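Results of the structural survey
Here are the chains, one letter per residue:
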Amino acid sequence: QVQLVESGGGLVQPGGSLRLSCAASGSVFGTYAMAWYRQAPGKQRELVAAISKNGSTNYADSVKGRFTISRDNAKNTVTLQMNSLKPEDTAVYYCYAKKVFNAFWGQGTQVTVSS
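Summary of the structure given here.

What counts, and at which threshold
Residues numbered from 1 in each chain as written. Predicted model: local features only at pLDDT ≥ 70, side-chain atom pairs only at ≥ 80, totals over all residues. Heavy atoms only, no water. Helix = DSSP H or I, 4+ residues; strand = E, 2+ residues; numbered from the N terminus. Buried < 20%, exposed > 50% of the residue type's maximum accessible area, 1.4 Å probe, protein only. Contact = heavy atoms within 4.5 Å. Pairing = 2+ DSSP bridges. Axes fitted to C-alpha atoms, helices over the stretch in contact; angles between N-to-C directions. Disulfide = S-S within 2.5 Å. Phe/Tyr/Trp six-rings, centres within 6.5 Å; stacked < 30°, edge-to-face > 60°. Lys NZ or Arg CZ within 6 Å of the ring centre and 35° of its normal.

**Quick notes on the side chain of Asn76**
Turning to its location among the elements, Asn76 is positioned in the loop between strand 7 (67–72) and strand 8 (77–82). Residue class for Asn76 comes out buried when judged on its relative accessible area of 16%. When residues no more than four places from it in sequence are discounted, the contact partners of Asn76 are Cys22, Ala23, Ala24, Ser25, Gly26 and Phe29.

Next comes the structure, spelled out in structure tokens:
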């Protein structure tokens, strides 16, 4: 069992930055692939960025060059640095952990980009 707790969401103006963090419980964090998803009102949940247990990353086209995902296995954390935020980035952001047939979600953190 893995418990995920997100933090760092909030209200930011267009062009601003936010840093989301996800703290994971358990001593096997390093064996899980991690990702950030988001869900805007009336839309399906979508993958934003993912990082493998070995550190390989991939991003949604809409955030490439603006967002950076990273992980610290010693601290059991995964971080999403979001720069040049746009109103269309407004959503609830969820942390996700997966290994083989086991997958876990955090409770989500709201990100609102508005002037």
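**Observations regarding the sheet that holds strand 3 (residues 18–24)**
Within the open sheet, the four strands sit side by side as 1-3-8-7. Their pairing is antiparallel. Edge strands, defined here as strands with exactly one partner in the open sheet, are strand 1 (4–7) and strand 7. Strand-to-strand twist of the sheet, defined as the mean angle between neighbouring strand axes without regard to direction, takes the value 15 degrees.

**Side note on the state of the cysteines**
All told, the structure shown has one disulfide when counted by the stated rule. Across a sulfur-sulfur distance of 2.1 Å, Cys22 and Cys95 are joined as a disulfide pair. Of note, the bridge from Cys22 to Cys95 carries an S-S torsion of about -85 degrees and is left-handed in sense. Of this pair, Cys22 sits in strand 3 while Cys95 is found in strand 9 (residues 91–99), placing the two residues 73 residues apart along the sequence. Cys95 matches Cys22 in its accessibility class, with the two residues each being buried.

**Description of the packing of aromatic side chains**
Two aromatic rings, taken as a pair, are described by how far apart their centres are and by the angle between their planes. Here the structure, examined in full by the defined rule, presents five aromatic pairs. Both rings, one in Tyr32 and one in Phe104, keep their centres 6.2 Å apart while their planes meet at 55 degrees; by these two values the pair is tilted. Within this pair, whereas Tyr32 is found in the loop between strand 3 and strand 4 (33–39), its partner Phe104 is found in strand 10 (residues 102–105), the two being separated by 72 residues in sequence. What makes Tyr32 buried here is its relative accessible area of 5%. Geometrically, the ring pair formed by Tyr94 and Trp105 is edge-to-face, given 6.3 Å between the ring centres and 90 degrees between the ring planes. Note that Tyr94 is positioned in strand 9 and Trp105 in strand 10, a separation of eleven residues in sequence. Sitting above the plane of the Tyr94 ring, Arg45 keeps its charged end 3.7 Å from the centroid. Lying across the ring of Trp105, Arg45 places its NZ or CZ 4.5 Å from the centre.

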